[in-house]
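# Coordinate inspection notes
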Amino acid sequence: MNFSLETISNNASFVIALVALLAVVGVAVFYKLRSNDLRRYEFISIIVHKFRNPLTQIKWSINELRSGETNQEKIQIFNELENSSDKLVEMTSALMGLSSMSGSSGLTKRFEEFSLGGLIKEVTQSLNSLFSKKQIDLSISIPNEDITIKANKEGIKFIIQTMLENALAYTLPGGRVELTLEHPVGKVVVLVSDNGIGIETKDLRNIFTRSFRTKAAKEIDTNGFGIGLYLARSVARHHEGDMTVSSEGSGKGATFKLVLPKP
Amino acid sequence: MAQDPKSKETASSLQSLEGEINQASSAISLDGKKIVWVEDDNFLANIITRKFSATKCKLLHFSEGTEALKAISTELPDAVVLDILLPGMDGFEILSKIKEDPKTKNIPVIMLSNLGQPSDIKKGKSLGADHFMVKATVAPDEIVGQIKDVLDKNKK
């Protein structure tokens, strides 16, 4: 098959339009049905399934178009399109995972023992290329001894991923992000610090509020929904843990802290 | 919350390698094998038909369960690939009927759906599915590879 760059570009526009549609519908669903948790999560499951069908069409089409392609410029565009599509699929999986975790009973049923250090390494590894691309130095500090916790693995993964993606979004190129895992008696603590745009004192108390985004955050990243930190803290609280944030103000970076109990 | 698209390595050496891998996986042969595929999305079915033409297998595509079951019973394919959400009979019901029939119960079945909750996977496996894949997370080459694996496993 012979496709021009214009055609490919049109495909890219389609993906971008789809992203926008997903954002609008997703947020609408989130609010519209918030009064009834069960109905909301059932509805999310249906919407997720509906989203995955066109995403499958996009992924499989890209795969077919790229197969046997020798033009490196086109291959790169196909790869980027596939990355966008995969990212949307990941979002649907995260939504699906969160919907299945709704309520403490759902969480408890899916508790398992796992290495928190191992999970952190897995998440940072998956995000490394994004940090490199933005020229942000990502460092992690994990104790040598293996720290295992009993929790919902997908939920904790979502929290760590959210903390890191947040730091990535709001740190300027050339900046640095540090993740530290600590294990004081009776709990584990994950700290993600950055030297990014920081948070004004007046905004700190709202940072975990649903759909809240600071003015500076909206300027630096226009695509955010403002629900990631809200959901992350909800998951932490389902585990009888919590999330907090500290910042010395605008332009002075921020530190997000996850605390989980460890009996 | 940032939702930056994840980037992949795009160095030309990696791209070349990816091209070779693509071509290698496209070259998987299912020569002489008969596969029944139940999928109601025509767009996906067309892609799959083109993909499978390169594997030299005989692909029988159906968009609903009744006709598919008739063909499975008469054609006795080497493997069945089943979507779950279908018009009329759903994929779980089709799977149950395949496994209830002594003639067809040993035919390996791969569930390929965009439902991917643990409860869906558990249900599919408890009904006798050999493998469960989520459509949006796999490329057609991986599906071909999985069919090959299932056929090889069943041969042993």
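Counting restarts for each chain: residues are numbered from 1 in the order of the written sequence. Each chain gets a letter, beginning with A, and each ligand a number, beginning with 1, in the order they are written. Owing to the predicted nature of the model, reporting of local features is limited to residues with pLDDT of at least 70; listing and counting of side-chain atom pairs is limited to 80 or more, with chain, interface and lining totals taken over all residues.

## Structural notes on the overall build of chain A
Here a strand is any run of E in DSSP of at least two residues, a helix any run of H or I of at least four, and the numbering for each starts at the N terminus. Scanning chain A from N- to C-terminus turns up 9 helices and 7 strands. In chain A, buried positions account for 34% of the 263 residues. When contacts within chain A are restricted to residue pairs at least 6 apart in sequence, those whose partners lie at least 24 apart make up 70%. The burial label depends on the number of other C-beta atoms within 10 Å of a residue's C-beta. Counts of 20 or more mean buried, 12 or fewer mean exposed, and intermediate counts mean partly exposed, with C-beta atoms placed from the backbone. For the purpose of contact definition, each residue receives a C-beta atom placed from its backbone, and two residues are in contact when these atoms lie within 7 Å.

## Some words on the overall build of chain B
Helices and strands together make up the secondary structure of chain B, namely 6 helices and 5 strands. Taken from the N to the C terminus, the helices and strands of chain B come in the order α-β-α-β-α-β-α-β-α-β-α. Burial analysis of chain B (156 residues in total) assigns 35% to the buried set. Within chain B, counting contacts between residues at least 6 apart in sequence, those at least 24 apart form 63% of the total.

## Describing the confidence of the model for chain B
All names here are of chain B. In the predicted model, chain B carries a mean pLDDT of 82, and the fraction of residues at 70 or more is 82%. Confidence scores here are pLDDT values: one per residue, from the predictor, ranging 0 to 100. Of the regions scoring below 50 in pLDDT, residues 1–25 engages in 49 contacts with residues more than four places distant in sequence or in other chains. Complex prediction metrics read pTM 0.58 and ipTM 0.76.

## Some points on the sheet that holds strand β2 (residues 137–141) of chain A
All names here are of chain A. One open sheet accounts for 5 strands, arranged β2-β4-β5-β7-β6; its pairing is mixed. The strands lining the two open edges of the sheet, one partner per strand, are β2 and β6 (242–246). Across the sheet, the axes of successive neighbouring strands diverge by a mean angle of 15 degrees, strand direction being ignored. Where β2 and strand β4 (residues 176–182) come together, 5 bridges link them in parallel fashion. Among the inter-strand pairings, Leu138 is bridged to a residue of β4, identified as Val177. Structural elements are reduced to axes, namely lines fitted to C-alpha atoms, with helices fitted over the stretch in contact, and the angle between N-to-C directions of any two is expressed from 0 to 180 degrees. Along the sheet face, helix α5 (residues 116–133) touches β2, β4 and β5 (187–194) and points at about 175 degrees away from the line of β4. Helix α6 (residues 153–169) rests against β4, β5 and β7 (254–261) of the sheet, and its axis sits at about 15 degrees to β5. Two strands are counted as paired when DSSP detects at least two bridges linking them.

## A closer look at the pairing of β7(A)
Taken residue by residue, a regular strand's side chains alternate between the two faces of the sheet. Residue and element names in this part refer to chain A. The side-chain alternation of β7 yields one buried face, formed by Ala254, Phe256, Leu258 and Leu260, and one unburied face, formed by Thr255, Lys257, Val259 and Pro261. Sheet topology places β5 next to β7; 8 bridges connect them, and they run antiparallel. Its bridge partner lying in β7, Val189 is registered against Val259. Bridging between β6 and β7 involves 5 bridges; their strand directions are antiparallel.

## Details of the nonpolar core
Put simply, a nonpolar core is a cluster of buried Ala, Val, Leu, Ile, Met, Phe, Trp, Tyr and Cys residues tied together by C-beta atoms within 7 Å. Ranked by size, the top nonpolar core spans 38 residues in total, and within it A:Ile159, A:Ile160, A:Met163, A:Leu164, A:Val192 and A:Ala232 carry the most contacts. Taken together, the elements giving at least two residues each to this core come down to α5, β3 (148–152), α6, β4, β5, α9 (228–238) and β7 of chain A. Broken down by element, this core gets its largest block of residues, 9 residues, from α6(A). Leave out the neighbours within four places in its chain, and A:Met163 touches A:Val192, A:Ala232, A:Phe256 and A:Leu258. One finds B:Ile35, B:Phe62, B:Val81 and B:Leu112 within the second-largest nonpolar core, a separate group that totals 35 residues.

## A closer look at the environment of B:Asp141
By secondary structure assignment, the location of B:Asp141 is in helix α6 (residues 140–155). Taking the C-alpha atoms as reference, B:Asp141 lies 8.6 Å from B:Ile28; in sequence the two are 113 residues apart.

## Digging into the sheet that holds strand β1 (residues 34–38) of chain B
Residues and elements named next belong to chain B. The 5 strands are arranged β2-β1-β3-β4-β5 in an open sheet whose pairing can be described as parallel. Taken across any chain shown, the strands that pair with only one partner, and hence form the sheet edges, are β2 (58–62) and β5 (131–134). For this sheet, the mean inter-axis angle between neighbouring strands, taken without regard to orientation, is 20 degrees.

## Regarding the environment of B:Gly65
Residues and elements named next belong to chain B. With respect to the helices, strands and loops of the structure, Gly65 is situated in helix α3 (residues 65–75). Judged by local crowding, Gly65 falls into the buried class, with 23 C-beta atoms found within 10 Å. C-alpha separation for the pair Gly65 and Leu82, spaced 17 residues apart in sequence, amounts to 9.3 Å. Every residue in contact with Gly65, bar those within four places of it in the chain, is listed here: Val38, Leu86, Gly88, Met89, Glu93 and Ile94.

## Some remarks on the packing of α5(A) against α6(A)
All names here are of chain A. Interaxial distance between α5 and α6 falls to 10 Å at its minimum, and their mutual angle equals 30 degrees. Like other packed secondary-structure pairs, α5 and α6 cross with a definite hand, here right-handed. Note on element contacts: α6 touches α5 through Lys153, Ile156, Lys157, Ile160, Gln161, Leu164 and Leu168, opposite Leu119, Ile120, Val123, Thr124, Leu127, Leu130 and Phe131. For any helix crossing, the convention is left-handed if the near helix is rotated counterclockwise from the far helix by under a right angle, and right-handed if that rotation is clockwise.

## A few points about the packing of α3(B) against helix α4 (residues 91–100) of chain B
Residue and element names in this part refer to chain B. Interhelical geometry of α3 versus α4 gives an angle of 20 degrees and a closest axis separation of 11 Å. Judged on the interaxial angle alone, α4 and α3 are roughly parallel. In the crossing of α3 with α4, the sense of the turn from one axis to the other is right-handed. Seen from α3, the contacting residues are Gly65, Ala68, Leu69 and Ile72; seen from α4, they are Glu93, Ile94, Lys97 and Ile98. Working definition: roughly parallel below 35 degrees, roughly antiparallel above 145 degrees, roughly perpendicular at 65 to 115 degrees, and oblique for all remaining angles.

## A short note on α4(B)
Residues and elements named next belong to chain B. Of the residues making up α4, those classed as buried are Gly91, Phe92, Ile94, Leu95 and Ile98. Take α4 and look down its axis: the buried residues cluster within an arc of 160 degrees, on one side only. Where α4 is buried, its residues meet β1, α3, β3 (79–82), β4 (109–113) and α5 (118–126). In this description, the arc belongs to the directions extending from the helix axis to the C-beta atoms.

## A closer look at the environment of A:Pro173
Residue and element names in this part refer to chain A. Mapped onto the elements of the fold, Pro173 is located in the loop between α6 and β4. Owing to 8 C-beta atoms within 10 Å, Pro173 belongs among the exposed residues under this scheme. Each C-alpha atom of the pair Pro173 and Ile136 lies 5.6 Å from the other, and the pair is 37 residues apart in sequence. Not counting chain neighbours up to four residues away, the residues in contact with Pro173 comprise Lys134, Gln135 and Ile136.

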